[in-house]
Amino acid sequence: MADPDLFDQIKLFLPKYLSPDQQHRLFAELSTFPENRTFYLSRSNLLGELLQGDGWRGFVAINFHSGDRRTISGMVISNSCDISPANMGSLPVNIVFAPLIELAKYVERLRGVGKTSEQIENLLRDIRRQRVSSMFFLPECPGVIPECIVLLDDLHAHPLRDFLDREKSALFTLNQYAFYLFLMKLSIHFSRFQEGAERFDSAA
Amino acid sequence: MTITDQRQIEFQARGSSGSSWRATTALSIALIFAQYANGLHLDTAERRPSPTLIQGTAARAESLRITELDLFAQINRIFDGLLKTQVDLDSDARRALYENLWDLYA
């Protein structure tokens, strides 16, 4: 049997401030993964907050190869606290974001390189079930974004002060269920205990 | 047998993996949420703290504990599933995506 304290330790990291109704809703949403595509809060709940996992239009991406810059839509990767204006003070802070990529445009490219319909359907199924390790899938948010992906190895930084000052618009905010999925994907992509490298000095 | 022991047995009965794997995964989940426990914002309506949550009888507290277990079991199930099923893009699919990636930005 595992350490008797393990369960109590785990409890510390579960949501503590949810009402019973919210707990039941969260349970229902989690229990229907991966079919559940209800990812977003309604717009009335956006409140202009800048939170991890949010989608915004107004990020500036810089093309590494050409040096071009463009205003695009992206998803906030930075931790919410790190980019809170209340915590920023006079210190420079960057907001890390991942550009949104429309899934339909990627499908067009897959057709262009000769992928069969079956191969594309299989890949789309993996993407929608969050099985592709380097990307996070975003279902359609009606009237806001079509189905999109963000690449966890294509991250950009935008000075927070500049982002706050420029014209921008909120696209979506992840609900609790989708936020947890996002954290799990981030963890799996960036943090692997079994990396296979022996990080010890050689024996003398 | 304490209530915690009983809950652990219930939890183990729900799990589909071996105990050592479960413990490892549970630790992983705990580590993930340890990173975010202090920083998690509850500002929106969906995440707003409920001032009544910790009030009530012992029976109500017990009921909440069971619900927390259910939440954890689901989070554990999803994390397990994701860990076991992650795949990489094949070379053609990767090339199609990353060549001129700039042009795909929304």
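If you're wondering where the values come from, they're calculated on a predicted model, not measured in any experiment.

Caption draft 1: View of the overall build of chain A. Scanning chain A for helices and strands turns up seven helices and eight strands. Each of the three principal axes of chain A carries a C-alpha extent, and together these read 55 × 55 × 50 Å. Sorting the 204 residues of chain A into buried and exposed places 50% on the buried side. A separation threshold of at least 6 residues defines the contact pool for chain A, and within that pool the share at least 24 residues apart is 66%. Carbon and sulfur atoms form 51% of the exposed surface of chain A, whose accessible area is close to 10,400 Å². Across chain A, the centroid of the 22 positively charged side chains sits 5 Å from that of the 25 negatively charged ones.

Caption draft 2: Looking closely at the sheet that holds strand S7 (residues 156–159) of chain A. Residues and elements named next belong to chain A. Taken together, the five strands give an open sheet; going across it, the order is S7-S3-S2-S1-S8, and neighbouring strands pair in antiparallel fashion. Looking at which strands have only one partner, the edges of the open sheet turn out to be S7 and strand S8 (169–172). The mean angle between the axes of side-by-side strands here comes to 60°, regardless of whether they run parallel or antiparallel. Strand direction decides the pairing type here: strand S1 (residues 55–62) and strand S2 (residues 69–76), joined by seven bridges, are antiparallel.

Caption draft 3: Highlighting the environment of Ser66(A). Mapping Ser66(A) onto the fold places it in the loop between S1 and S2. Side-chain polar atoms of Ser66(A) contact the backbone nitrogen of Asp68(A), separated by 3.2 Å.

Caption draft 4: Highlighting the environment of Ala98(A). Residues and elements named next belong to chain A. By the element assignment, Ala98 lies in strand S3 (residues 94–99). With a relative accessible area of 0%, Ala98 lands in the buried category. With 21 residues separating them in the primary sequence, Ala98 and Ile77 have C-alpha atoms 6.8 Å apart. Leave out the neighbours within four places in its chain, and Ala98 touches Gly74, Met75, Ile77, Val150, Leu151, Asp154 and Leu155.

Caption draft 5: Geometry of the pattern of salt bridges. Residue and element names in this part refer to chain A. One pass over the full model with this rule turns up ten salt bridges over all chains. Note that Asp21 and Arg25 form a salt bridge whose closest N and O atoms lie 3.8 Å from each other. Residue Asp21 and its partner Arg25 are located together in helix H2 (residues 20–31), separated by four residues, close to a single helical turn. Since its relative accessible area comes to 48%, Asp21 is described here as partly exposed.

Caption draft 6: Quick look at the sheet that holds strand S6 (residues 148–151) of chain A. Spatially, the three strands line up as an open sheet ordered S4-S6-S5 (chain A), and their pairing is antiparallel. The two strands at the open ends of the sheet, each matched to only one other strand, are strand S4 (101–102) and strand S5 (135–138) of chain A.

Caption draft 7: Seen up close, the packing of aromatic side chains. All names here are of chain A. Under the criterion given, the structure shown has ten aromatic pairs over all chains. Pairing Tyr40 with Phe172 gives two aromatic rings, centres 5.1 Å apart and planes at 55°, and the pair type is tilted. Here the residue Tyr40 occupies a position in the loop between H2 and S1, and Phe172 occupies one in strand S8, the gap between them amounting to 132 residues. The interplanar angle of 5° and the centroid separation of 4.3 Å between the aromatic rings of Phe59 and Phe97 together place this pair among those described as stacked. Taken together, the residues Phe59 in strand S1 and Phe97 in strand S3 connect sequence positions 38 residues apart. What makes Phe59 buried here is its relative accessible area of 0%. In this structure an aromatic cluster arises from ring pairing among Phe39, Tyr40, Phe136, Phe172, Tyr177 and Phe182.

Definitions and cut-offs
Sequence order as written defines residue numbering, which begins from 1 separately in each chain. Each chain is given a letter, starting from A, and each ligand a number, starting from 1, according to the order in which they appear as written. It should be noted that, the model being predicted, local features are given only for residues of pLDDT at least 70 and side-chain atom pairs only at 80 or more, the latter also being counted only at that level, while totals for whole chains, interfaces and linings use all residues. Note that the side-chain values use all heavy atoms of the structure and ignore hydrogens as well as water. Helix and strand labels come from DSSP, where a helix needs a run of H or I of at least four residues and a strand needs a run of E of at least two; each type is numbered from the N terminus. Only protein chains enter the accessibility calculation, which uses a 1.4 Å probe. A residue is then buried if its area is under 20% of the maximum for its type, exposed if over 50%, and partly exposed in between. A contact between two residues is defined here by any heavy atoms of the two lying within 4.5 Å. We get accessible surface area from the Shrake-Rupley algorithm with a probe of 1.4 Å; when it comes to residues, only the shown protein chains can shield them. Positive charges are assigned to Lys and Arg, negative charges to Asp and Glu, while His and the chain termini are left out of the count. Note that the charge is assigned to NZ on lysines, CZ on arginines, CG on aspartates and CD on glutamates. Pairs of strands are assigned from DSSP output, requiring at least two bridges between the strands. In this analysis, axes come from line fits to C-alpha atoms, helices being fitted only over the stretch in contact, and the angle between any two N-to-C directions falls in the range 0 to 180 degrees. N or O atoms within 3.5 Å of each other form a polar contact, as long as, within protein, one can give a hydrogen and the other can take it, and as long as residues adjacent in sequence are counted only when both atoms are side-chain atoms. Salt bridges are defined by distance alone: a side-chain nitrogen of Lys or Arg within 4 Å of a carboxyl oxygen of Asp or Glu. Side-chain rings of Phe, Tyr and Trp, where Trp is taken by its six-membered ring, are said to pair if the distance between their centres is within 6.5 Å; with planes under 30 degrees apart they count as stacked, over 60 as edge-to-face, and otherwise as tilted.

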